[in-house]
Amino acid sequence: MSNKIKHYLGDKDVQLILGTLLRIGVLVSTAIVIIGGVVFLSTQKNQTVSFQNFNPEQAKFSSVAKIFTGLKTMNGLAIIQFGVLLLIFTPIARVVFSIFSFLMEKDYMYVVIGIIVLCVIITSLYLDIAH
């Protein structure tokens, strides 16, 4: 018989991983937004902007599919929007990781709570519920 030592993640390990996940997510999304800003400003040097009228329906990158299409052409606004999208998905990744860590600990009440939180977040993003 072999003596296998099972190592489960402890609370400190999970907290360290979650903190690192959030930190890396924020840093990567910030770097992408800065890169997108530099690309946008370098390609829009001589254009004047009028702030008289605001037309939100003229937004070029209002969907995820349009953002990825804009990324293929290296559009600065699409890169900025992708960075914001990563920033939005960072806490979602944290919730997903938390659900899996609670599953490993067999703490099913927190698994259910995590799934409810994940459903609320995804529903609010999908249905565009902001208020």
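This text goes with the structure placed above it.
(A) A look at unusual backbone geometry. Although it is not a glycine, Met74 adopts a positive phi angle of roughly 55°. Here Met74 shows up in the loop between helix H2 (64-72) and helix H3 (76-104). Of note, Lys106 is a non-glycine position whose phi angle comes to about 60°, a positive value.

(B) Up close: the packing of H3 against helix H4 (residues 108-126). Put simply, H3 and H4 touch, their axes get as near as 8 Å, and they point 160° apart. In terms of orientation, H3 and H4 fall into the roughly antiparallel class. Between H3 and H4 lies a crossing whose hand is left-handed. Of H4, the residues touching H3 (which contributes Ile88, Phe89, Ile92, Val95, Val96, Ile99, Phe102 and Leu103) are Tyr108, Tyr110, Val111, Gly114, Ile115, Val117, Leu118, Ile121 and Leu125. A breakdown of the residues in the contact of H3 with H4 according to their chemical character gives 16 nonpolar, 1 polar and no charged.

(C) Broad picture of the side chain of Ser101. Mapped onto the fold, Ser101 is located in helix H3. Ser101 gets classed as buried once you look at its relative accessible area, which sits at 5%.

Cut-offs and rules
- Residues numbered from 1 in each chain as written.
- Predicted model: local features only at pLDDT ≥ 70, side-chain atom pairs only at ≥ 80, totals over all residues.
- Heavy atoms only, no water.
- Helix = DSSP H or I, 4+ residues; strand = E, 2+ residues; numbered from the N terminus.
- Axes fitted to C-alpha atoms, helices over the stretch in contact; angles between N-to-C directions.
- Parallel < 35°, antiparallel > 145°, perpendicular 65-115°, else oblique.
- Left-handed = near helix turned anticlockwise from the far one by under 90°.
- Contact = heavy atoms within 4.5 Å.
- Nonpolar A, V, L, I, M, F, W, Y, C, P; charged D, E, K, R; others polar.
- Buried < 20%, exposed > 50% of the residue type's maximum accessible area, 1.4 Å probe, protein only.

Keep in mind these numbers describe shape, not what the thing actually does.
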